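# Analysis of the macromolecular model
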Amino acid sequence: MNTLFDKIWDRHVVQQVEDGPTQLYIDRLYCHEVTSPQAFDGMRVRGLKCFRPEKIFCMPDHNTPTHDQDKPIADPVSKAQVDALARNAAEFGLTHYGMMSKDNGIIHVVGPEKGLSLPGMTIVCGDSHTSTHGAMGAVAFGIGTSEVEMVMASQCILQQKPKSMRININGQLGKGVTAKDVALYLMAQLTTSGATGYFVEYAGDVITALSMEGRLTLCNLSIEMGARGGFIAPDETTFAYLKGREYVPKGEAWDKAVAYWKTLKSGDDAVFDRELTFDAADIEPRITYGTNPGMGIGITERIPEQGGTSNPGFQRALDYMGFKPGQKLLGTKVDYVFLGACTNGRIEDFRAFASIVEGRRKADSVVAWLVPGSWAVDLQIREEGLDKILQAAGFEIRQPGCSACLAMNDDKIPAGKLAVSTSNRNFEGRQGPGARTILASPLTAAAAAVTGVITDPRELV
Amino acid sequence: MKQKFDIITSTCVPLPLENVDTDQIIPARFLKATTREESFFGDNLFRDWRYRPDGTPNKDFVLNDPAYSGCILVAGKNFGSGSSREHAAWAIAGYGFRVVISSFFADIHKNNELNNFVLPVQVSEDFLAELFASIKADAKTQVTVDLPAQTVTNLATGRSEQFEINGYKKHCLMNGLDDIDFLVQNQIKTELWEQQNK
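In this text, all values refer to a predicted model and were calculated from it rather than measured experimentally.

Moving on to the sheet that holds strand β1 (residues 13–16) of chain A. In space, the three strands of this open sheet follow the order β1-β2-β8 (chain A), with antiparallel pairing throughout. Each having just a single partner strand, β1 and β8 (156–159) of chain A make up the two edges of the open sheet. Along the sheet, successive strands turn relative to each other by an average axial angle of 20°, direction set aside. Sheet topology places β1 of chain A next to strand β2 (residues 22–25) of chain A; three bridges connect them, and they run antiparallel. Within β2 of chain A, the residue paired with glutamine 16 of chain A across the bridge is threonine 22 of chain A. Along the sheet face, helix α9 (residues 187–196) of chain B touches β1, β2 and β8 of chain A and points at about 140° away from the line of β1 of chain A.

Right, here's the structure in full:
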C-alpha cells in the first residue's frame, strides 16, 4: 500500500475486469524485429490500425550485424525480419529507427537516452529486459507478442497486478564493485525465481549513489531473479540525466514535469508484500559458474559443493560448463570476452573497460567483441577518446546491436569456448550452441581480456 | 490455436528439470520467422536437448522416448524463466501440448501460454513429486485436467488438487475468446481515461 509501484500502476488503471485482470493504460510501446512481426500480422488479419501510433517506437537490434551495417545483411532470414519491421512501421505509421540511422541501437539503450522513457510512465516491449526502463522511475515490463498486439490495438494491456517488493542495499560499494555485481549478488541470494510475481523497488544508499547507467544495469537484470520489473524512484540524478534529451519536455513543461516526478516516491507508511535489506560490504566482484544467472559466486570464492543426486540441475549445469564442485575459477583460461548488450553497453561500461585496459594489451589468446549499445554511445566513446585507448590496447569497437548476448547475428561464441560476458544470461547455448558463458561486470571482463584468465579486477583497478 | 478448452484426460510427458528457460524451449536462432507457423516452432521445441549437434535425435531426451506421449507436459519448478519470447508458447502448442503442469511458472511465459490456449496448471510440490513418481512407475499414467471445475487429478493415485485461474481468463479459454477482442470493444473506456489523464 502507498508504494511508488501502487501510485504509477493505479493511475494507469482504465478498468478492473470483474473476476479478472486489470486493463492498464500503456504510455510507451517499443517494438524490435523479433517479437513484433506476428503482432503486425494479427493486426492485419483483424483489419485494425494502431490505436495510438505516436506512442510506439520501433528499431531493429537483435539481428543486426556488428560490422558492415551499411551493406545488406548477409543472412537472408535475418534480413527478412529486419526488413519486415521497417515495412510494418511504415504501414502502421510508427516511428522507426533503421539500421545505420544515428538513432539506432539496442531498444533498452536508445529509449532512455532519447528521453522516450520517463518517470511515472508505463512502458512495455516484447522483450524481458524492458525492466531496464524502470531505472527512470517507470513501471516497465516485458510482454509476449500477443500482448504486443493488444497494445498496438488498444494502447492497453490486461494484467494481474503483481505484488510489491523493496530491496534495500545500504552502505558503500567497495573498489571494483559495480551495479552489475550488485545484481549478480541479488540473483544468487534470491535465485532466478525468488522475485517471480513481484515488482521490485530498489532503494538504499547504494542505489542513491548509483549513476543512471548503473541504475539501468541493475533494473535490466530484475527479470533474472524472476521479477517482472524493477525500478528506482526518480531523483536529482534522474532529472539531471533527462534534462535536454530529445523527447523530454522543455521550458515550462519541464518544470511542471519535474514537480510531478518529485512526487513519485513510496510513502513513509508504504507497505511492501516483501522487503529485503542487504549490506554493500558483503558484495565483491561477482561471476557466474552455472547455466542460470542465479548460479553465481564472489570472484574469490569456490563453486559450492552442493549437488549430487538431490539437485540434478546443479550437476547438469556443471557438466555443461566443464567445472567441478568446489573449484575456484580465478586463473581459468578465457577464450572470448564480450562487452555490450542492454545490460552493459552504455558509456560508463566502456569507460570502466577502458580504465582497466589502458596501458595494457589484450591477451593474444582472447577474442574480444566490444559492442556499443547504440550509435549515440559509439559517438560518445569517440568524443571522449576511449576509442584511442581501446585501440592502443589491441581492441576494436564494433557496430551497435544485441550481438553475442543471444547470438541471433553472426556473433556466436563457438561450441565449448569459455566467454566472460557482460550480458545477462548464461543459459545453455545462449551465446551460440555449446557456448559456455560466465557473466560479469565490464571491469571483470576487461581484467579477463588483458590477462587471458579469470582475474579479480581489484588487482588491476 | 484457439481450441476451446473443457476437460482433458491424457497421458503425460515428464521433464523433471527445474528452471527450464525459454532459450531451451526454443533457442534464439529459431526466432527469425516472421509468421506464426506453429508446426515450425513445434518441430524445434527443446531443439538442443532433443537433437544432437549433427541433427540426429538424442535418444536420452524424453520427447524421443516412445514410452511417453500425450498432450500434457509435466515440468519441474520455475518453468519458462528468462526471455519473454512467445515463440516458446507457440512451440509448446505447435508440438501438440495443451496443458503444462508445474509447481511454479515464470510470469511472462505463463501469460504467453494462456494467450495461446495452452493451460498452465500450477500444483503443489507434493502433487508434482507424486505425479513424477506415478509416471516413472507407469508411463501410461493419465491425468485429468478439468477447467470448469479447476481441478487436476492424477488417475494413478486418485489424488486431486484445485488450481487457480481468474474467472475472466477461464471464460476466454472455454469460449475461444481473446484479450484483443475485449480491449478493442472497450476503447471508449480507454479514450475516457486519456481525457482524464492529459
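This part covers the nonpolar core. The nonpolar side chains of a soluble globular protein tend to be buried, and buried together. Core analysis: the largest hydrophobic core is formed by 193 residues, its most contacted members being Val337 and Val357 of chain A together with Val74 and Ile92 of chain B. Structurally, this core is a two-domain feature, drawing no fewer than three residues from each of domain 1 (4–275) and domain 2 (288–459) of chain A. Apart from the residues lying within four places of it in its own chain, the contact partners of valine 74 of chain B are Cys12, Val13, Pro14, Leu15, Ile101, Leu131, Phe132 and Ile135 of chain B.

Listed per partner, the contact involves 43 residues of chain B and 55 residues of chain A. Listed by contribution, the elements that provide at least two residues to the side of chain B that touches chain A are α1 (22–25), α5 (107–114), α7 (167–175), α8 (179–185) and α9 of chain B. Tallied by class, residues from the side of chain B that touches chain A come to 13 nonpolar, 17 polar and 13 charged.

All names here are of chain A. Taken in spatial order, the four strands line up as β11-β10-β9-β12 in an open sheet, and their pairing is parallel. Of all the strands in the sheet, just β11 (229–231) and β12 (274–279) have a single pairing partner and so form its edges. Across the sheet, the mean angle from the axis of one strand to that of its neighbour is 20°, orientation sign disregarded.

A few words now on the environment of tyrosine 289 of chain A. Residues and elements named next belong to chain A. Tracing the sequence through the fold places tyrosine 289 in the loop between β13 (286–288) and β14 (296–298). The sequence separation of tyrosine 289 and alanine 363 amounts to 74 residues, and the corresponding C-alpha distance is 22 Å. Once you skip the residues sitting within four places of it in the chain, tyrosine 289 turns out to touch Met295, Gly296, Ile297, Ile303, Met321, Phe323 and Leu329.

All names here are of chain A. For chain A, the assigned domains read domain 1 (4–275) and domain 2 (288–459). Among the elements of the structure, α4 (107–113), α6 (179–190) and α8 (212–220) are those that each provide at least two residues to the side of domain 1 that touches domain 2. Classifying every residue of the side of domain 1 that touches domain 2 gives nine nonpolar, 20 polar and eight charged.

With that settled, consider the confidence of the model for chain B. Considering every residue of chain B, the mean pLDDT works out to 96; 99% of them sit at 70 or more. In the predicted assembly, ipTM is 0.96 and pTM is 0.97.

Here is what the cut-offs are and how they apply
Residues numbered from 1 in each chain as written. Chains lettered and ligands numbered in written order. Predicted model: local features only at pLDDT ≥ 70, side-chain atom pairs only at ≥ 80, totals over all residues. Pairing = 2+ DSSP bridges. Helix = DSSP H or I, 4+ residues; strand = E, 2+ residues; numbered from the N terminus. Axes fitted to C-alpha atoms, helices over the stretch in contact; angles between N-to-C directions. Contact = placed C-beta atoms within 7 Å. Core = buried A, V, L, I, M, F, W, Y, C linked by C-beta atoms within 7 Å. Buried ≥ 20, exposed ≤ 12 C-beta atoms within 10 Å, placed from the backbone. Domains from an automatic or database assignment. Nonpolar A, V, L, I, M, F, W, Y, C, P; charged D, E, K, R; others polar. pLDDT = per-residue confidence, 0-100.

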